[in-house]
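# Analysis of the macromolecular model
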Amino acid sequence: MAVASWSIPAIPRAGPTARGVLLGGAFVTAARPPVAWRCRATLPRRVRLGGVVARAGAAETPVAGSGEAGLLFSEKFPLRRSRTVEGKAWVRVDAEPDGEGKCKVVIGCDVEGKWVLHWGVSYDGEQGREWDQPPSDMRPPGSVPIKDYAIETSLDTPHNSEGKTIHEVQIKIDKGTSIAAINFVLKEEETGAWFQHKGQDFRIPLSGSFGGDLLGTEQDIDVRPGALGHLSNVLQKPEGPIAEPHKTVPDDKGSRTKHISGFYEEYPILKTVYVQNFITVNVRENNGTTKHAVEFDTDIPGEVIIHWGVCKDNTMTWEIPPEPHPPATKIFRQKALQTMLQQKADGTGNSLSFLLDGEYSGLIFVVKLDEYTWLRNVENGFDFYIPLTRADAEADKQKADDKSSQADGLISDIRNLVVGLSSRRGQRAKNKVLQEDILQEIERLAAEAYSIFRSPTIDTVEESVYIDDSSIVKPACSGTGSGFEILCQGFNWESHKSGKWYVELGSKAKELSSMGFTIVWSPPPTDSVSPEGYMPRDLYNLNSRYGTMEELKEAVKRFHEAGMKVLGDAVLNHRCAQFQNQNGVWNIFGGRLNWDDRAVVADDPHFQGRGNKSSGDNFHAAPNIDHSQEFVRSDLKEWLCWMRKEVGYDGWRLDFVRGFWGGYVHDYLEASEPYFAVGEYWDSLSYTYGEMDYNQDAHRQRIVDWINATNGTAGAFDVTTKGILHSALERSEYWRLSDEKGKPPGVLGWWPSRAVTFIENHDTGSTQGHWRFPFGMELQGYVYILTHPGTPAIFYDHIFSHLQPEIAKLISIRNRQKIHCRSKIKILKAEGNLYAAEIDERVTMKIGAGHFEPSGPTNWVVAAEGQDYKVWEVSS
Amino acid sequence: MCAMSSLLATHHHAARCGAVRRENAWIAPARVGFRHARRGGGRDELSAAGLGRFLGYATADHKNKNHEVDDLEPARLFVGLPIDTVTDGATVNSARGVTSGMRAVKLLGADGVELPVFWSVAQPESPDRFSWAGYRAVADMARDEGLSLRVTLHFHGSPGGAVPLLPVWVSTAAADDPDILFTDRSGGRHDDCLSFAVDELPVIHGRSPLDCYDAFFRSFADAFQDLFDSTITDVTVGLGPNGELRYPSYPPGSDGQGFTGVGEFQCYDRYMLEQLRRHAAEAGEPLWGLSGPHDAPRYGDSPDACGFFNDHGGSWQSAYGDFFLSWYAGQLVGHGDRVLAVANGALGDTPVEASAKVPFMHWWHGARSRPAEAVAGFYKSGGKNGYSPVAKMFARRGCTVIVPGMDVCMNKQHRITGSSPDQLLVQIKNACRRHGARIAGENASLVVTHTSSFSRIRSNVLTAERMRPGHFTYQRMGEAFFSPEHWPAFVEFVRGVVCGEWPDEDEDRDVADNPNAMEAQPV
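The following paragraphs examine the structure supplied in this document. Going along each chain's sequence as written, the residues are numbered from 1 onward. By the order in which they are written, chains take letters starting at A while ligands take numbers starting at 1. At least 70 in pLDDT is required for a residue's local features to be given in this predicted model, at least 80 for side-chain atom pairs to be given and counted, and no such filter applies to totals for whole chains, interfaces and linings, which use all residues. The basis for every side-chain value is the complete set of heavy atoms in the structure, and neither hydrogens nor water enter the calculation.

## Looking at the sheet that holds strand E37 (residues 825–830) of chain A
Strands pair in a sheet through their backbones, by hydrogen bonds, and they do so in one of two ways: parallel or antiparallel. Residue and element names in this part refer to chain A. When DSSP finds at least two bridges between two strands, those strands are taken to pair. Helix numbers and strand numbers start at the N terminus; a helix is a DSSP run of H or I with at least 4 residues, a strand a run of E with at least 2. If you trace the 5 strands from one edge of the open sheet to the other, you get E37-E38-E39-E41-E40, paired in antiparallel fashion. The open sheet has two edge strands, E37 and strand E40 (860–866), and neither has a second partner. Taken over all neighbouring pairs, the strand axes of this sheet differ in orientation by 15° on average, direction set aside. For strand E39 (residues 843–847) and strand E41 (residues 869–874), the ladder comprises 5 bridges, and the chain directions are antiparallel. Within the sheet, the bridge partner assigned to Thr 844 lies in E41 and is Trp 872. By definition, residues are in contact when any of their heavy atoms lie within 4.5 Å. The axes are straight lines fitted to the C-alpha atoms, using for helices just the contacting stretch, and the angles between their N-to-C directions are given from 0 to 180°. Sheet contacts for helix H16 (residues 778–787): strand E38 (835–839), E39 and E41; angle to E39, the most-contacted strand, approximately 155°. Strands in contact with helix H18 (residues 804–816) are E39, E40 and E41; relative to E40, the strand with the most contacts, it is inclined by about 150°.

What follows is the structure, given as structure tokens:
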């Protein structure tokens, strides 16, 4: 192929808007500069960088661009390399009693970190998730009880053995104990990552091990359908803190040695840690000449190659500068240069400096360590951009118009995927993945188009801003309640244990109402394979582990008497069968809705459905219901209406709505006319190099699309906001809380009246802890959601904890100042350690350690104050 | 693969040139154009094509098997936009749906979309004012998605839809003189369709319809000037009702969709009758010019029910029959010729492929007289191919013939009307081949009930014969199109027909070394 000489496709995916990225060759160069460079890769980045660097413990802060004569640009970029640490965890049981007649269980791990054992015991042989707290004589000193079912014990301060650091904890047990097993998971406190065994808790069978015959048996983990889907979610699609550093417990291939006196088992652990390095780039005017001296300096040892190109004016067209090139430079396909840096004499890294003609306005580069390791700007995930002119040029760039990066996010991601994949064409498997991705995207678009053509509206050409319909809202079936709703999630993952939850919850009705809650979300009521209720079986049998149907009705009545509405948790995506088909597959349903395999989607590999293909994602632990079947829909509508009437539910919390098309939800809601409805559309946010992207528009777009498909009849949990709060609080990156347009970055910034904001629920927190809110920062989270538009939902565990007084105070502020789901918000500050906003001109709040005081003519008085937060209201 | 890759090379080269010239490489839709490959502009990175290859579908068989068509390029696939995409000139209806739909079909592998443009929408209130904003917005969307655009210019309305039938100022002229509208034997008028006989008469506030068409073409060319080089690859000229060159031989007030009767002659407006009278006088048979055939059937009649089209001894075989049918068909060809001449004058400089649609009159094909064809205006003396005169005219004007029945299969319902889609398609292709007209395809209706129609489209489009459609347009997007009943089958269909077209190996290596590729696998 003759290489065209007119442009330098230097570096692919120059920015999020690089729609000109080409499949095969020339990666061109959208005429307009990508927005990310303009607003995040240049000036503001330096500001933020300060925070990052300081936190990383480096003394040096970036030098301001004009600090030194002749210095045009100077910046120290953090680089992040990954290093994999392999290690193992082990469990050892010494069956030989010691002097006090106690046996010893040792759990250890040799990977660096701050390890905590999160454990409990079970008394019977039943393999379930029933945990109990161990008796106090079993608890090692320093153990902390977690609620009433588990304790946490730190692994002992490391001691060395054969040159390796070892963390261990010992648990002593009476020889004659009735405890059947110890269950545990390992937690690494610094990163908050949880380690499970094949997606399950570790389990040490005790009674068996003393008998001696269990030693060699496979330590098989029973299938616990209740949690299966959710757990595997976590491991396969890392979310939040688990995503990075990325740790996995690979399959148990550990050696298995037989000890004479107990058992010993090892589990390999793979932990990826990041190593922080830096690269400093200085650009100076070269005395007298028109050239610029560019200097690279990095502390990465070994071979470091800079892959770079330059551009002129503001064309953003990348070129190779004319020769002479710096020493040790290769021309990379006529498109970019690859220059190897020179080892520094003291061995502390590499550096190089060279001259560049003054006519160029910018230099772009990535750092290449080896064939497989390319480092980009960790700040934004893009290539490094170094302006070679003074600020005026940058100002020009800022002017460049760029409004629609967001809309193309997804599609360009897919394109990038194509670019990435085409390079490894041999890998059929990858192609399959790509194919699936594209087809999924196509399906999504088609569903969106369908929902829009189905209920045609005239959109203005200018494009979609989700205009909130405050004036045209119809209370009857809007699904959004009064707009002043405050939700209480009335259960956690353990609530089924008492067997009397409805009674317990009902007894709290008055208290919740007086705190200011207007809606309570009650647990899934049906007969279910799992005790928590999320594996429904006979939909018309409402006797569950939470109590009987009569108790449920009584509880609903008590809430109604207290002036609160009650949401039922409706699991519509999947349903467990009662009978097997002729192949032995469980897909024949029983009870009043005795469907057969025609009600099961065809593309669920496990359940041999004969319905149509699923209109959404599949939940893998139970047959996914085919909502495209008329009989299924009419049965479900009837069921919902029955529950409305029979139980008295006022609305719905809809489980796993990713599993089917939102248009069907619209049908269901139109039929059952809920006062309030909210769907759980939970998927992963966008990450680059394990770091959460600043722009989460694609994520919230998916949620908004779903709401749109329901025609706005349901709200959705604002997962985007929760995710961004995680990063913002945990890493003190409060700048994340303002999007590029200065609005809140979650669903609540786009469609507040349909956003149900939350910081924790039974899946993310409670005893599952799939995606736990940063510990100790819950109140900051609540300050955010309780002062902001959207409909806030508060988690049961938080209400009935030491947080209660402060949460109650925040709720009363919200109610007193009449903040509602469409309140107007003005973001005042979104910086490294401070976020402040004013809501409806009546409330001002700040979170973060930074100092802030509201100003202006309004007379603000402090309404609430606590650790890293403060709320003011207008004095009346 | 050789034909393919040389073609690709051209394409890439073209892409580069395009990009240089235009700064923004994205603008253009990047297509291996049919005749205009040189224009080819930017690239569509995720070309359909790519998907097709990915999915492991072989490119069309024609590559190896066929020796006739090695000069032919793969057929381009278009998807029609909703007929009411723009109805008031300024806004796009369901704009987000249109965007999503475009993106979906783009990802799926379509080359472009077809945009129906109506005279009544773009020039609604007065002959002096055009409102292109809405259509322009749609064209920009297509450009932004990297799709080609085929624009169909409809002068006649589409009854039953949300689109106005005729511009208000034309309708007022028709109210003053209803005879400028097509009229059937009982005096029923087609409110959406100006009689072919008034083409050159100043019946619309002092202007002739042809003058109006000319002005319309020019204004269109002007408003979309910058897109002709890139996005707009095809312009289809509507020559009659529903954009087809034909008489509205179906009952007034309907759009002819689903009408399978013989139909009626539409020669009873004052101007047609006047022409008939003059023509008869010239032929020396003044009595033949007094009216249409007295024994012609009514709309829903079977051809045997009346004298004119009777298989044996029907009047159609008489000298009168031939006289009348020849004149009737000649009027149609004359109209098509006049409008295409005007279109060529106005759009001749633009690098687009011109096309126009003919009807697919497949019912009553078993009758010797081909009655359905004849009342729609397709007739040639001596029992010859009725499509022949039309094909000849198209060829002379360099206009591609769009055949809108690529999906029609025999089925029970069609059989009772004597339908024979296969034979008709052969007949049309023969006519076009004889005269050297290119063809392109469309489907008659959304394929919902008979998914075998998809395989029929597939075989018609990927055929190895010489008369292979240069492009195929699937009609059309809308609620039903994206519904669960239709969409999945359509996806399967497209995945089956889209030809693989993936960058050459050497280009791939560029990608292999690019950092972004590595990024796909973060540690």
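What follows continues from the structure just given.
## Some details on the packing of aromatic side chains
Aromatic rings from Phe, Tyr and Trp, with only the six-membered ring used for Trp, were paired whenever their centres fell within 6.5 Å, and each pair was classed as stacked if the ring planes differed by under 30 degrees, edge-to-face if by over 60, and tilted otherwise. In total, this model carries 68 aromatic pairs over all chains according to the counting rule given. Centroid distance Phe 182 of chain B to Tyr 247 of chain B: 5.6 Å. Interplanar angle 70°. Geometry classified as edge-to-face. Linking Phe 182 of chain B in strand E5 (residues 181–183) with Tyr 247 of chain B in the loop between strand E7 (232–237) and helix H9 (270–282), this pair joins segments that are 65 residues apart in sequence. Whether a residue is buried, partly exposed or exposed follows from its accessible area with a 1.4 Å probe, protein chains only, as a fraction of its type maximum: under 20%, in between, or over 50%, in that order. Residue Tyr 247 of chain B is classed as buried on the basis of its relative accessible area, which comes to 0%. Taking 5.7 Å as the distance between ring centres and 65° as the angle between the ring planes, the aromatic pair formed by Phe 481 of chain B and Trp 487 of chain B counts as edge-to-face. Across the pair, Trp 487 of chain B and Phe 481 of chain B agree in class, each one buried. One aromatic cluster in this structure is built from Trp 119, Phe 130, Trp 132, Tyr 135, Phe 155, Trp 169, Tyr 213, Phe 216, Phe 217, Phe 220, Phe 224 and Phe 228 of chain B. Taking NZ or CZ as reference, Arg 592 of chain A lies 3.9 Å from the ring centre of Tyr 540 of chain A, over its face. Whether a charge lies above a ring is judged from NZ of Lys or CZ of Arg, which has to be within 6 Å of the ring centre and within 35 degrees of the ring normal.

## Details of the side chain of Asn 460 of chain B
Residues and elements named next belong to chain B. Relative to the assigned elements, Asn 460 resides in helix H15 (residues 452–461). Residue classification places Asn 460 among the buried residues on the basis of a relative accessible area of 9%. Other than its neighbours up to four places away in sequence, Asn 460 contacts Met 406, Leu 425 and Pro 469.

## Quick word on the pattern of salt bridges
Residue and element names in this part refer to chain A. By definition here, a salt bridge exists when the distance from a side-chain nitrogen of Lys or Arg to a carboxyl oxygen of Asp or Glu is within 4 Å. Tallied over the entire structure, the rule returns 56 salt bridges over all chains. Between Glu 448 and Arg 444 there is a salt bridge; the shortest N-O distance is 3.5 Å. Of this pair, Glu 448 and Arg 444 both sit in helix H7 (residues 428–454), 4 residues apart, which is roughly one turn of the helix. In this structure, Arg 702 engages Asp 683 in a salt bridge whose closest nitrogen and oxygen atoms are separated by 2.6 Å. Taken together, the positions of Arg 702 in helix H13 (residues 697–709) and Asp 683 in the loop between strand E31 (676–679) and strand E32 (687–688) put the pair 19 residues apart, joining distant regions of the chain.

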